[in-house]
Amino acid sequence: MPIADPDIRAIAMRRRLYYKICMRCGTRNPWRATRCRKCRRSDSLRPKKRELGPKK
Ligand SMILES: [Zn+2]
């Protein structure tokens, strides 16, 4: 079921997409993270791809 309210939709989108993935171990990290919280040494974070939008 699509989310009707655009405000809630925007929040949902932000929650789903604003994090980073460690390219070494695949852990999700906070958006502001500069390095992985799990393997620590790794600074190879990529942002989650944002093309898809929220789940429908
Ligand atoms: Zn990692």
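The following refers to the structure shown.

About the cut-offs
- Residues numbered from 1 in each chain as written.
- Predicted model: local features only at pLDDT ≥ 70, side-chain atom pairs only at ≥ 80, totals over all residues.
- Heavy atoms only, no water.
- Donors = N, O, S within 2.8 Å, 3.2 Å for Na, K, Ca; no water.
- Tetrahedral: all angles 85-135°; square planar, octahedral: opposite > 155°, others 65-115°.
- Helix = DSSP H or I, 4+ residues; strand = E, 2+ residues; numbered from the N terminus.
- Buried < 20%, exposed > 50% of the residue type's maximum accessible area, 1.4 Å probe, protein only.
- Contact = heavy atoms within 4.5 Å.

## As for the coordination of the zinc ion
Here comes step 1: The coordination sphere of the zinc ion contains the protein donors Cys22 (SG), Cys25 (SG), Cys36 (SG) and Cys39 (SG), at a distance range of 2.2 to 2.3 Å.
Here comes step 2: Metal-centred angles of 105 to 114° between the four donor atoms at the zinc ion mark the site as tetrahedral.
Here comes step 3: Coordination of the zinc ion draws on donor residues from a single chain, spaced C-x2-C-x10-C-x2-C in sequence. Of this pair, Cys22 sits in strand E1 (residues 19-22) while Cys36 sits in the loop between strand E2 (28-30) and strand E3 (45-47); the two residues are 14 residues apart in sequence, bridging distant segments of the chain.
Here comes step 4: For Cys22, a relative accessible area of 2% translates into the label buried.
Here comes step 5: Since its relative accessible area comes to 2%, Cys36 is described here as buried.

## Details of the environment of Thr27
Here comes step 1: Structurally, the position occupied by Thr27 is in the loop between E1 and E2.
Here comes step 2: Along the backbone, Thr27 and Cys39 are twelve residues apart, and their C-alpha atoms lie at a distance of 8.7 Å.
Here comes step 3: Ignoring sequence-local partners within four residues, the contact set of Thr27 consists of Lys20, Ile21, Cys22, Cys36, Arg37 and Lys38.

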